[in-house]
Amino acid sequence: MQNKLPFSKYFVIGVMLFALFFGAGNLIFPASLGQNAGSNVWLAIAGFLITGIGLPFLGILAMGISGSKNLQELSSRIHPIYGVIFTSLLYLTIGPFFAAPRTGAVAYDIGIAPFLGDSFSHSGLLVFTLLFFIVTLWFSLNPAKIVDNVGKILSPAIIILILVLLMMVVVKPLGSIEAPQSDFSSGAFMKGFMEGYNTMDALASLVFGIIVINSIRSMGVKSTSGVLLASAKSGIVAIIFLGIIYVGVAYLGATSTEAFGLMDTGGAILGNAAYSYFGTLGTVMLSVIIILACLTTSIGLMTACGEYFHTLFPTISYKIWVLFFSTVSFVIANFGLANIIKFSIPVLMFLYPLAVALMLLTFLSKLFSHSQMVYVSATVVTFMISFIDGLKTFCQLIGIEYFGWLVSIIHFYEKALPFYNKGLGWLLPAIVAILVTGALVRLQKLTEVRIKNKTESTLKHGTSPR
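Right, let's walk through the structure included here. (Residues numbered from 1 in each chain as written. Predicted model: local features only at pLDDT ≥ 70, side-chain atom pairs only at ≥ 80, totals over all residues. Heavy atoms only, no water.)

### What to know about the overall build of the chain
Stage number 1. Looking only at helices and strands, one finds 18 helices and 0 strands in the chain.
Stage number 2. Taking 2.2 N^0.38 as the reference for a compact globule, 466 residues should give roughly 23 Å; the C-alpha atoms of the chain span a radius of gyration of 24 Å, in line with that estimate.
Stage number 3. Residues classed as buried in the chain amount to 51% of the 466 residues present.
Stage number 4. A total accessible area of about 21500 Å² is found for the chain, and carbon and sulfur atoms account for 69% of it.
Stage number 5. Computing the positive centroid from 25 side-chain charges and the negative centroid from 16, the chain places the two 20 Å apart. (Helix = DSSP H or I, 4+ residues; strand = E, 2+ residues; numbered from the N terminus. Rg over C-alpha atoms; globule rule 2.2 N^0.38 Å. Buried < 20%, exposed > 50% of the residue type's maximum accessible area, 1.4 Å probe, protein only. Areas by Shrake-Rupley, 256 points an atom, 1.4 Å probe, with all protein chains shown as cover. Lys, Arg positive; Asp, Glu negative; His and termini not counted. Charge placed at Lys NZ, Arg CZ, Asp CG, Glu CD.)

### Considerations on the nonpolar core
Stage number 1. Core analysis: the largest hydrophobic core is formed by 134 residues, its most contacted members being Leu27, Phe86, Leu90, Tyr197, Leu203, Leu206 and Val249.
Stage number 2. Top element by residues in this core is helix α13 (residues 266–312). It accounts for 18 residues.
Stage number 3. When near neighbours in sequence (up to four residues on either side) are disregarded, Leu203 contacts Leu90, Thr93, Ile94, Leu348, Leu351, Tyr352 and Ala355. (Core = buried A, V, L, I, M, F, W, Y, C linked by side-chain atoms within 4.5 Å. Contact = heavy atoms within 4.5 Å.)

### A look at the packing of aromatic side chains
Stage number 1. Inspection of every chain in the model, using the stated rule, returns 27 aromatic pairs.
Stage number 2. With a centroid separation of 5.7 Å and an interplanar angle of 15 degrees, the aromatic rings of Phe383 and Phe387 are classed as stacked. Of this pair, Phe383 and Phe387 are both found in helix α16 (residues 372–398), 4 residues apart, which corresponds to roughly one turn of the helix.
Stage number 3. By way of ring pairs, the aromatic residues Tyr91, Tyr308, Phe309, Phe313, Trp321, Phe324 and Phe325 are connected into one cluster. (Phe/Tyr/Trp six-rings, centres within 6.5 Å; stacked < 30°, edge-to-face > 60°.)

### Quick look at the packing of helix α15 (residues 337–364) against α16
Between two packed helices, the angle of one axis relative to the other and the distance separating the axes together describe the packing.
Stage number 1. Remark: α15 packs on α16, axes separated minimally by 8 Å, with the N-to-C direction vectors making an angle of 165 degrees. Judged on the interaxial angle alone, α16 and α15 are roughly antiparallel. In the crossing of α15 with α16, the sense of the turn from one axis to the other is right-handed.
Stage number 2. Class assignment for the residues of the contact of α15 with α16 results in 18 nonpolar, 6 polar and 2 charged. (Axes fitted to C-alpha atoms, helices over the stretch in contact; angles between N-to-C directions. Parallel < 35°, antiparallel > 145°, perpendicular 65-115°, else oblique. Left-handed = near helix turned anticlockwise from the far one by under 90°. Nonpolar A, V, L, I, M, F, W, Y, C, P; charged D, E, K, R; others polar.)

### Notes on a nonpolar patch on the surface
Stage number 1. On the surface, Phe343, Val376, Val380, Phe383, Met384, Phe387, Phe394, Ile398, Ile400, Phe403 and Trp405 cluster together into a nonpolar patch covering about 950 Å² of accessible area.
Stage number 2. For the nonpolar patch, the leading source of residues is α16, giving 7 residues.
Stage number 3. Residue class for Phe387 comes out partly exposed when judged on its relative accessible area of 38%. (Patch = residues over 30% accessible without salt bridge, like charges linked within 9 Å, V, L, I, M, F, W, Y side chains within 5 Å. Salt bridge = Lys/Arg side-chain N within 4 Å of Asp/Glu carboxyl O.)

### Description of the pattern of salt bridges
Stage number 1. Evaluation of the coordinates by the stated rule reveals 1 salt bridge.
Stage number 2. Among the ionic pairs, Glu195 bridges to Lys191, the shortest N-O distance being 3.8 Å. One end of the pair is Glu195 and the other is Lys191, both in helix α10 (residues 188–195) and 4 residues apart, which spans about a single turn.

### Details of unusual backbone geometry
Stage number 1. In this structure, Ser369 is a non-glycine residue whose phi angle is positive, near 55 degrees.
Stage number 2. The phi dihedral of His370 is positive, around 55 degrees, even though this residue is not glycine.

Pasting the structure below:
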């Protein structure tokens, strides 16, 4: 057994982790961020990096320190039923509800839409996504090493192509950086912070963490401290690569507004940038690589979701689950990339605080002897706030007025909770809940120890305790 690995091993695991996190969808958000942030792009990307790479890194470390076999086991520390519900919601979010449909929509926006006229946009999306998810279904039902091999080839290809594109942006910018849009004219840092939720990587890290940990253990590292150290070093490799690409693509977006005008999605920005620098050949190369990358991501998501829900409901076969999830993904993909992103926001406002609270609890768990009371109290407090945030965001999204009781709760939260209007109203109450209940648990443990010691001392001296 060993506790340390050579740097080459950390680098290999880090690149693997980068490949797990990085999909074509991750390119569209910093591109849009850059366009909208304009001259405030550096403030906005700083906030984006905290949630876009910082939280996923913490998620990997949390799984490393927890010693749990999977996310359901970890979240079951709150309650077994909560563990099933939370894990199911997370898989559905990074699977057929949002992330998987997004792969099809991104592949169409970047790979196909630039070659079609506006008159074919709806029919083109329908035909393309039908073929896309048929192929996804076929590979998910017939797992083959070709998917892994293609993924290993595509990840470096995407990185090289994007880095070449970003070098061109630095050497020959598309245009000057313009003034920020209204949402980013003030509070650009917090706006970027919230935009980082869209990557969904913090949620995915709670699933990918197990893959990293198993890889580390297979190399002979068995101790918790050794696994945690190796996870940290490998995670640093991954987030450095992600950070470079995020910053570069955000800068590309910021310099593209003058040339292309504001665009609905980052996919169109990247497609136009590739054409501007490399012509039709560059657009075709980017299209092929992005479509294949999205396809391998989609297959991975379908397979993971199918396996989890088959484990949860073994009477329903894996093939039925994959068929169902592929169909749902196809339907949702046809709402378009902009709508998929828009309607994912309320769900992310609800799930992200719960995921981050679970990470914090995992890191601090030893301090309160892994007490279920602390897990429950912090999660309940976080849920009460994140649920309202998600519901409020949904109402704003579809343009309906808040319900009477919702108005009262929102007004109360706005007055009572620090950072509530910044989307972080849950953070301080969750920390207070952990501190208070954690102190109560430690006090209870001390009291039990004193009673035990007093009883043993009394019995030792031959008298009956009173």
